[in-house]
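Take a look at the letters that make up each chain.
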Amino acid sequence: MIKLILSPILLLIFCLGLSGQSTSNNTSCEFSVDGYLKESKDGVAVLGYFDLETSKPVYLDTSNLINGKFHFTGKIENTVKVVISFNNVESNQFFVDPGYNMVKGYQKIVNGEVIIEIDSLTSKSNLDVRRKRKYEEKIFLERGKALFDRYNVLDSILTDSLNLDSTYFSRLKDDFMNCEFNISNYYNYLDSMQFAYIKENPDSFESAFDFCFQIRSYTVEKAIKKYNLFSDNVKNSIYCKYIYQQIKKKESVLQSINHDFTKIDINDDTIRLSDYRGKYVLLEFWASWCKPCRESHPKLLSLYNQYYHKGFEIISISSSEPKGMSSLKQAISKDSIGIWTHILDISKGANNLSSQFNIEVLPTKVLINKEGNIFGIYQSDNFSQLQTDLKTIFD
C-alpha cells in the first residue's frame, strides 16, 4: 500500500501561499472538522489526501494548532480518506465525511520518533473502518493465523538448512509448498469474504479504498463484479471513480493489443503465438533478478505438469537481463523450468513484448485462450486467481 507522506509537501504549499490540486470544480459538499490533539505544541495543522489518479497530494485546508485545538472547513466531492500534518508530523489516516466531523488524538514517542494517532472519530465511515477491521481479524484468527505461523516456522528452518538430513529436508520442503498452497487458498477465501462484506455493507468507503490497491491483480470481469456491489453514493467517491478508470484501462488493453507475435527463443527457434491456436498459453513476464518471479516458479511448474497434457503451454519472456542470455539461462536451469519455451526480448519500443502487452510490474502473467484472445492478466501476488481460472478451464 502507498504510504502517504503529505506533511512536507503540504507545509511547503502552505508556506509559499500556493494551492495544491484544486477540488473546487467538482465538489459540492461542505465539510468541517473540529479536533483536539492531546499534549501537542502550538503550531500549524494541514489537512490533505493523496490523489490516486495523479499520484499527487491534494490540499484541503490549514488551521492554527492552539492549546491542542484545530478546525478545518472546505468542500469535498464525497467522503475521503485524509491525513493531518501537525507541525510536520503526519497522523494516521482517517475518513472525513461531508458535514460535521469531530476527531481527537494524541501523540507519543516510539523509538525516538513522534507518532500521532487520531483515535476518537465520530463519522459513519470511520465506524465502518472499525467494523471491517474486526470482520477481517476474525477471519484471520479462524483461518489464517495458524497457516502463517506454520509458514514462518518452516521458512526459518529451511533458511538454516545446512545441517538437515536430506530426507527430512525434502519432507519439510513439501510441507512448506503445501503451506504456500493453503495460504493461497486462504487469500481466495478472504477475497470472497470481502465480496460478502460489501454485499452487506454497500456504503463501505473503506472497502472501496482498499479495492483501489487490489484492482491491478483483478481480471476485468472480477473487477466489474466487485465494483457493481457498491452503492451509488460510494460509486460517486474518488475511489470508485479511480476504480472505474482502471477497469476502462484494462478493457482498453484487452481490446487494443495485437495478440500475435513472432520471436526467436533461447534455442534459436522461431516462436509464433498464432501457432498455439487451440491451446491455452500463459505468457510469463519475468526476470532472473526478480525474487517474486523466481519464488513463483515451483507453483508454476506444478501447474504446467498438471495441465500440459490438457492443452496448456507456457512462454516465459524476459526483457531485462543485465548479463544477457547467460543470467537468463542460469536462472532457468536453477529453477528447473527449461521444459517450456523461453524468450529473451531485447527489442526496443513497440516491438518489445513488455511494451506490447503493457506490462507494468513483474511478475505479470497473461493467459491467452484457444482463440488467441486474452483470458486474464495476473499481476504480482495474484497467483491464486490463475490457479482458480485454470482449474475452471481444465477440471
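About the cut-offs
Residues numbered from 1 in each chain as written. Predicted model: local features only at pLDDT ≥ 70, side-chain atom pairs only at ≥ 80, totals over all residues. Heavy atoms only, no water. Helix = DSSP H or I, 4+ residues; strand = E, 2+ residues; numbered from the N terminus. Buried < 20%, exposed > 50% of the residue type's maximum accessible area, 1.4 Å probe, protein only. Lys, Arg positive; Asp, Glu negative; His and termini not counted. Charge placed at Lys NZ, Arg CZ, Asp CG, Glu CD. Core = buried A, V, L, I, M, F, W, Y, C linked by side-chain atoms within 4.5 Å. Contact = heavy atoms within 4.5 Å. Pairing = 2+ DSSP bridges. Axes fitted to C-alpha atoms, helices over the stretch in contact; angles between N-to-C directions. Disulfide = S-S within 2.5 Å. Phe/Tyr/Trp six-rings, centres within 6.5 Å; stacked < 30°, edge-to-face > 60°. Lys NZ or Arg CZ within 6 Å of the ring centre and 35° of its normal.

### Some points on the overall build of the protein chain
Stage number 1. Within the protein chain, the regular secondary structure consists of twelve helices and 16 strands.
Stage number 2. Each of the three principal axes of the protein chain carries a C-alpha extent, and together these read 70 × 50 × 45 Å.
Stage number 3. Taking all 395 residues of the protein chain together, 48% fall into the buried category.
Stage number 4. Positive and negative side-chain charges in the protein chain, numbering 46 and 48 respectively, have mean positions lying 1 Å apart.

### Section: the nonpolar core
One recurring pattern in soluble globular proteins: nonpolar side chains tend to sit buried together.
Stage number 1. Counting 46 residues, the largest nonpolar core has F70 and F86 as its most contacted members.
Stage number 2. When near neighbours in sequence (up to four residues on either side) are disregarded, F70 contacts V33, D34, G35, Y36, L37, A45, S63, N64, L65, I84, F86 and V103.
Stage number 3. If you look at the next biggest cluster of nonpolar residues, it comprises 26 residues, including C293, L344, L367 and L390.

### Side note on the sheet that holds strand β14 (residues 341–344)
Two orientations exist for strands paired in a sheet by backbone hydrogen bonds: parallel and antiparallel.
Stage number 1. Strands sit in the order β14-β13-β12-β15-β16 across an open sheet of five strands; the sheet is mixed. Taken across any chain shown, the strands that pair with only one partner, and hence form the sheet edges, are β14 and β16 (374–379). Across the sheet, the mean angle separating the axes of adjacent strands is 20° when strand polarity is ignored.
Stage number 2. The pairing of strand β15 (residues 364–368) with β16 spans five bridges and is classified as antiparallel. Each residue of the ladder has a partner; that of I368, found in β16, is I374.

### Comments concerning the state of the cysteines
Stage number 1. For the structure shown, the criterion picks out one disulfide.
Stage number 2. Between C290 and C293 runs a disulfide, and the two sulfur atoms are separated by 2.3 Å. Its torsion about the S-S bond being 75°, the disulfide of C290 and C293 is classed as right-handed. A single burial state applies to C290 and to C293, both of which are buried.
Stage number 3. Free cysteine C212: the closest other cysteine sulfur is in C240, separated by 7.3 Å.

### Topic: the packing of aromatic side chains
Stage number 1. Counted by the stated rule, this structure contains 20 aromatic pairs.
Stage number 2. Judged by centre distance (6.2 Å) and plane angle (65°), the ring pair of F312 and F394 falls under edge-to-face. Here F312 is found in strand β13 (residues 312–318), whereas its partner F394 is found in helix α12 (residues 383–394), with 82 residues between them in sequence. Residue F312 shares its accessibility class with F394, and that shared class is buried.
Stage number 3. Through a chain of ring-to-ring contacts, the aromatic side chains of Y280, Y307, F312, F375 and F394 assemble into a single cluster.
Stage number 4. Looking at R143, its charged tip hangs above the ring of Y189, at a distance of 3.9 Å from the centre.

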